[in-house]
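Here is how the chains run, residue by residue.
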Amino acid sequence: MSEEPDSVLLCSVNTAAVPRHELLCIFGTGDLGRSLGQRLLQCGYKVVYGSRRPGSCGSLPAGTQALSHEAAAQHAHLIFICVQREHYDFMEPLAPQLKGKVLVDVSNNLKKNMYTDANAEYLQRLIPGAHVVKAFNTLSAWALQNGPADANRQVYLCGNNAEAKQAVAEIATKMGFSVLDRGSLSAARELEDFPLQLFPGWRLPIRLTIGLTASFFFYLLLRDVLYSYIAQQKDMSFRIMVSLANKVFPIVSLILLSLCYLPGIIAAFLQLYRGTKYKRFPDWLDRWMLCRKQLGLLALAFASLHVLYTLIISFRYYVRFRLAAHTISQIRENKTSPFDTTMAWRTDTYYSMGIIGFGFYLLLGISSLPSVSNALSWREFSFIQSKLGYITLFFCTFHTYLYGWDRFLYPSTYKWFTPPGYMLSLVVPTVVLLLKLLLLLPCVDRSLTRIRQGWERTDPEEESMKSLLR
Ligand code: NAP
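Calculation notes
Residues numbered from 1 in each chain as written. Predicted model: local features only at pLDDT ≥ 70, side-chain atom pairs only at ≥ 80, totals over all residues. Heavy atoms only, no water. Helix = DSSP H or I, 4+ residues; strand = E, 2+ residues; numbered from the N terminus. Rg over C-alpha atoms; globule rule 2.2 N^0.38 Å. Buried < 20%, exposed > 50% of the residue type's maximum accessible area, 1.4 Å probe, protein only. Contact = heavy atoms within 4.5 Å. Areas by Shrake-Rupley, 256 points an atom, 1.4 Å probe, with all protein chains shown as cover. Pairing = 2+ DSSP bridges. Near = heavy atom within 4 Å. Polar contact = N/O pair within 3.5 Å; in protein donor to acceptor, adjacent residues only side chain to side chain. Nonpolar A, V, L, I, M, F, W, Y, C, P; charged D, E, K, R; others polar. Salt bridge = Lys/Arg side-chain N within 4 Å of Asp/Glu carboxyl O. UniProt positions renumbered as here; feature names shortened; annotations may be inferred.

A.B. asks: Lay out the overall build of the protein chain in plain terms, naming residues and giving numbers.
C.D. replies: Regarding its fold elements, the protein chain presents 19 helices and nine strands. Compactness check: the protein chain gives a C-alpha radius of gyration of 31 Å against a globular reference of 23 Å for 470 residues, more than 25% above the reference. Oriented by its inertia axes, the alpha-carbon framework of the protein chain measures out at about 100 × 75 × 40 Å. Among the 470 residues that make up the protein chain, the fraction classed as buried is 41%. Sequence-distant contacts, at least 24 apart, represent 72% of the contacts inside the protein chain between residues at least 6 apart. Approximately 26700 Å² of the protein chain is accessible, and the part contributed by carbon and sulfur atoms is 61%.

A.B. asks: Describe in detail the pairing of strand 5 (residues 78-81), supporting the description with residues and values.
C.D. replies: Here strand 5 shows two buried faces, one formed by L78 and F80 and the other by I79 and I81. Sheet topology note: the strand 2 (residues 23-27)/strand 5 ladder contains three bridges and is parallel. Across the sheet, F27 pairs through a bridge with I81, a residue of strand 5. Bridging between strand 5 and strand 6 (residues 102-105) involves four bridges; their strand directions are parallel. Across the sheet, the residue bridging to F80 is V104, located in strand 6.

A.B. asks: Which residues make up the site of the ligand, and what values go with them?
C.D. replies: Around the ligand, 19 residues are found, and the nearest of them are T29, L32, S51, N108 and A141. Measuring from an oxygen atom of the ligand, one finds a backbone N or O atom of D31 at 3.1 Å. Within the contact set of the ligand, an oxygen atom lies 2.8 Å away from a backbone nitrogen or oxygen of A141. Summarising the interface, the protein chains cover 78% of the accessible area of the ligand, which totals 890 Å² for the free molecule. Classifying every residue of the shell around the ligand gives seven nonpolar, ten polar and two charged.

A.B. asks: Give a description of the pattern of salt bridges that names residues and reports values.
C.D. replies: Across all of its chains, the model carries eleven salt bridges by this definition. As a salt-bridge pair, E192 and K134 come within 2.8 Å of each other at their nearest N and O atoms. You can see E192 sitting in helix 7 (residues 188-193) and its partner K134 sitting in strand 7 (residues 131-135), a full 58 residues away along the chain. Each of the two residues, E192 as well as K134, counts as buried. One salt bridge in this structure joins R182 and E190, with 2.7 Å as the shortest N-O distance. Among the residues examined, E190 registers a relative accessible area of 36% and is labelled partly exposed. One salt-bridge network, in which partners are shared between bridges, spans R85, D117 and R125.

A.B. asks: Hey, could you go over the UniProt feature "transmembrane region" (unreviewed entry) in the protein chain for me, with residue numbers and the actual values?
C.D. replies: In this numbering, the UniProt entry assigns the feature "transmembrane region" (unreviewed entry) to residues 251-274, 295-319, 350-369, 381-402 and 422-444. Taken end to end, residues 381-402 comprises 100% helix and 0% strand; its first and last C-alpha atoms sit 31 Å apart. Along residues 422-444, the helical share is 91% and the strand share 0%, with 32 Å between the first and last C-alpha atoms.

Here it is, written out as structure tokens:
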């Protein structure tokens, strides 16, 4: 969803232009050095290792050899530095030999801001005559060995010399990675921080989900368990495990799903109000928009839990007991309940809406997988995520309305004067759907489309001032 906007895809590289059996050098025979060497060999390069102990560095990929750093660097134009930054000073005496060569810095640090400068900038200072390129540090040794997969097929690089960057980009492309140029070496710190980030886009959605889940859990605990205990002297604590969980999950899921669409609606109204699309959205709205995918996936996870919990309802001891007790009491009293067609329609529609809604939910989730979204055109992707998204929200909201049906009319619904959880969960989706309907009105839709095509509303006062100044 949030593709790096400032990254530039290097023009496709003609891999046939890469000289066959080009010799590449790798300093360091550790995990990354070995994996990289293995992969480079598979791609048709010749590899030589530079090592402190060339005679005793263990088994290396077949077809490679280990030499001293100096000897290894001699014939290769491009050297991968697969050594921790702490040991870079061993290269200082090699500066004359490394002059004019491309040094690929693959290093990472254990934590952010460990050093005042980036590792690649430090390397450039140590060997000023070399062309340092920061690259490959966002890939693990494992990913390098196994080749690119969807989640890790990008190689970010940066450096001050365009030719050096192009040489590294050619190698990465030949290895099957797509290359994203992040600019000059001053971007190295940013690249070095990438692997240290722990689910950066997930923090806000996870916090929100935990907050919503905890709030609704305690709210429903109060209404469904404590109320029964205090007001009716009944111990209903067993409901915590299934009944309560199966109320909290759909409630949180529906709210999260509507929160995926609310920022888009707010953005549309902001654009209409401002009469332009060229003014930046507030930061909070930007951040909210960037985590819509995560919100959607969490919503899907909670909807899936709701489905699983619903499937076990008929096996529950409590449900079987209530059913048997009801049947026996009817037999005892010689009573039969007439078939209620309205009730049959209501429950069937309720289940049907839920199933269709969940089906669309799954489609939304599948289409957000990188392997699927990469295969879709932008139009197809936005159709699924937007149009299908609203349809999913509609079905799930309708499903919840059918669950409530006419319960809102009965005073017994409002235990301790509090509305039931499902009623609260309907607030945000209903608002989102109503606002969306408003945006779909032809006159509103027309204005919004014009604004999104670049039209700007001009302020008559501002215009007259401008014409006076002209
Ligand atoms: P490693 O397994 O510890 O290997 C580092 C290699 O550096 C050693 O095998 C050694 O090779 C050489 N070395 C150690 N001390 C040295 C010294 N004092 N002077 C000169 N050379 C020395 O580390 P690694 O996992 O391969 O990582 C290497 C670099 O790649 C690190 O900067 C790391 O941040 C980066 N990286 C690693 C991964 C990963 O998945 N492992 C992923 C991304 C980036 P010789 O004995 O042959 O000299």
